[in-house]
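# Working through the structure, step by step
So the chains spell out like this:
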Amino acid sequence: MVGMDGGFLAGMKPGPRMRAFGRGLLDVIMPPVTFDGGAPPQVSGLSEQAWARVTFLEEPVCDGCGIAFEHDPGALGEPRCPACLAQRHVFGRARAACVYDEHSRDLILAFKHADRLEYAPVFTRWLSRAAAPLLEDADALVPVPLHWTRLIGRRANQAAELARPLARLSGRAYLPSALVRTIRTPTQGGKSARGRRLNVKTAFAVAQEAAKSVRGRHILLVDDVLTTGATADACARVLLDAGARAVDLAVIARVRSRR
């Protein structure tokens, strides 16, 4: 059974002591292995080889979309890339932990589509570092929602599996039901930037019972991948229309360019 945000109900989860005991017992029986099948790490996670292949995004990055700058613009330079200056997103700022490429793709797709929720703690640590400037200003975290029919198929909303622990780590409010997906849209894959915008233009709404919790707050929207920004823009628009003071975006990975 799942909660409103796609996570398993708290009552169905073992407590932290039981989880720690079970993890320790399992490590004795079967030593920790890496998610990617590489050499055993100090703790469960990625092998040294897999870590080396992931392209992590370090400052300086564009304040508007999180893409890496080739050269540091400096304190007096323009903090946004040419694409963001030409066409600003609806959300204010964005940060991504890494580049979405052949080395990060399989990990993210397994997390998203293959029920590999054990990746969530790793991705959460990545996000807590990459999105630190946004977390400082945020009042509350909101995951990008799945349509309920897709939630049944996936069993969990991966954005929620990131936003929930990130909110706990940062001491920010977590609003799992603030956004709802009112339309089951076709997949965004293969669509142009304009096609993606049209596909999700009316797909989201702020839940009526959650409107008060959004109003006047600085929201950090959480998702897995930033491509053109169409989904995040659609979510940000309804949050701002509902009275949010500002909306920023944190994702695990972003493509190298909007195109």
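Everything numeric here is computed off the predicted structure, so don't read it as measured data.

### Notes on the packing of aromatic side chains
Within a pair of aromatic rings, the relevant descriptors are the distance that separates the centres and the angle that separates the planes. Going through the model one piece at a time under the given rule, you end up with four aromatic pairs. Taking the centre distance of 4.8 Å and the plane angle of 85° together, the rings of Phe56 and Trp126 count as edge-to-face. In this pair, Phe56 is assigned in the loop between α2 (48-53) and α3 (82-86) and Trp126 in helix α5 (residues 120-130), connecting sequence segments 70 residues apart. A residue is classified by how much of its surface remains accessible, and Trp126, at 8% relative accessible area, is buried. Put simply, the rings of Phe56, Phe111, Tyr119, Phe123 and Trp126 pair up and form one aromatic cluster.

### Here's the deal with unusual backbone geometry
A cis geometry characterises the amide bond from Glu59 onward to Pro60, with omega recorded as 10°. With respect to the helices and strands, the residue Pro60 is situated in the loop between α2 and α3.

### What to know about the packing of α5 against helix α8 (residues 158-170)
With their axes 9 Å apart at the nearest point, α5 and α8 run at an angle of 55° to one another. When the interaxial angle is binned, α5 and α8 end up oblique. Crossing of α5 against α8: the hand is right-handed. On the side of α5, the interface is formed by Ala120, Phe123, Thr124, Leu127 and Ser128, while α8 contributes Glu161, Leu162, Pro165, Leu166 and Leu169. Taken together, the residues of the contact of α5 with α8 sort by class into seven nonpolar, two polar and one charged.

### Overview of α8
Compared with the 18 Å implied by 1.5 Å per residue over 13 residues, the 19 Å span of α8 between its first and last C-alpha is a close match. With ten of its 13 residues buried, α8 lies for the most part within the structure. Among the residues of α8, those classed as buried are Gln158, Ala159, Ala160, Glu161, Leu162, Ala163, Arg164, Pro165, Leu166 and Ala167. At the N-terminal end of α8, a side-chain oxygen is found 3.1 Å from the backbone nitrogen of Ala159, two or three residues along, and the residue is Asn157. Immediately downstream of α8, the backbone of Gly171 shows phi near 75°, a positive value.

### What to know about the sheet that holds strand β7 (residues 246-254)
Reading across the sheet, the five strands line up as β1-β7-β6-β2-β3 and stay open at both edges, with parallel pairing between neighbours. Strands with a single pairing partner mark the edges of an open sheet, and in this sheet they are β1 (94-99) and β3 (173-174). The pairing of strand β6 (residues 218-226) with β7 spans eight bridges and is parallel. Counterpart to Leu220 in the pairing with β7 is Asp248.

### Quick look at the environment of Leu109
Within the fold, Leu109 resides in helix α4 (residues 105-113). Residue classification places Leu109 among the partly exposed positions, given a relative accessible area of 33%. Taking C-alpha positions, Leu109 is 9.5 Å from Asp224, a pair spaced 115 residues apart along the chain. Those residues in contact with Leu109, other than ones at most four positions away along the chain, are Tyr100 and Ala114.

### Considerations on helix α11 (residues 230-241)
With twelve residues, α11 should reach 16 Å at 1.5 Å per residue; the first-to-last C-alpha distance of 17 Å fits that figure. Within α11, nine of the twelve residues are buried, leaving the element largely enclosed by the surrounding structure. Ala230, Thr231, Ala232, Asp233, Ala234, Cys235, Ala236, Val238 and Leu239 are the residues of α11 that are buried. Gly243 occupies a position one or two residues after α11 and carries a positive phi of about 110°.

### A few points about the pairing of strand β2 (residues 140-143)
Burial along β2 is two-sided: the residues Ala140 and Val142 and Leu141 and Pro143 are all buried. Where β2 meets β3, two bridges bridge the pair, whose relative direction is parallel. By the bridge assignment for β3, Leu141 is matched with Tyr174.

### Regarding the pairing of β6
Note on strand geometry: in a regular strand, side chains alternate between the two faces of the sheet. For β6, a buried count of nine out of nine residues is recorded, marking the element as mostly surrounded by other parts of the structure. In this structure, β2 lies alongside β6, joined through four bridges in parallel fashion. Looking across to β6, one finds that Leu141 is bridged to Leu220.

Cut-offs used in this document
Residues numbered from 1 in each chain as written. Predicted model: local features only at pLDDT ≥ 70, side-chain atom pairs only at ≥ 80, totals over all residues. Heavy atoms only, no water. Phe/Tyr/Trp six-rings, centres within 6.5 Å; stacked < 30°, edge-to-face > 60°. Helix = DSSP H or I, 4+ residues; strand = E, 2+ residues; numbered from the N terminus. Buried < 20%, exposed > 50% of the residue type's maximum accessible area, 1.4 Å probe, protein only. Axes fitted to C-alpha atoms, helices over the stretch in contact; angles between N-to-C directions. Parallel < 35°, antiparallel > 145°, perpendicular 65-115°, else oblique. Left-handed = near helix turned anticlockwise from the far one by under 90°. Contact = heavy atoms within 4.5 Å. Nonpolar A, V, L, I, M, F, W, Y, C, P; charged D, E, K, R; others polar. Expected span 1.5 Å × (residues − 1). Polar contact = N/O pair within 3.5 Å; in protein donor to acceptor, adjacent residues only side chain to side chain. Pairing = 2+ DSSP bridges.

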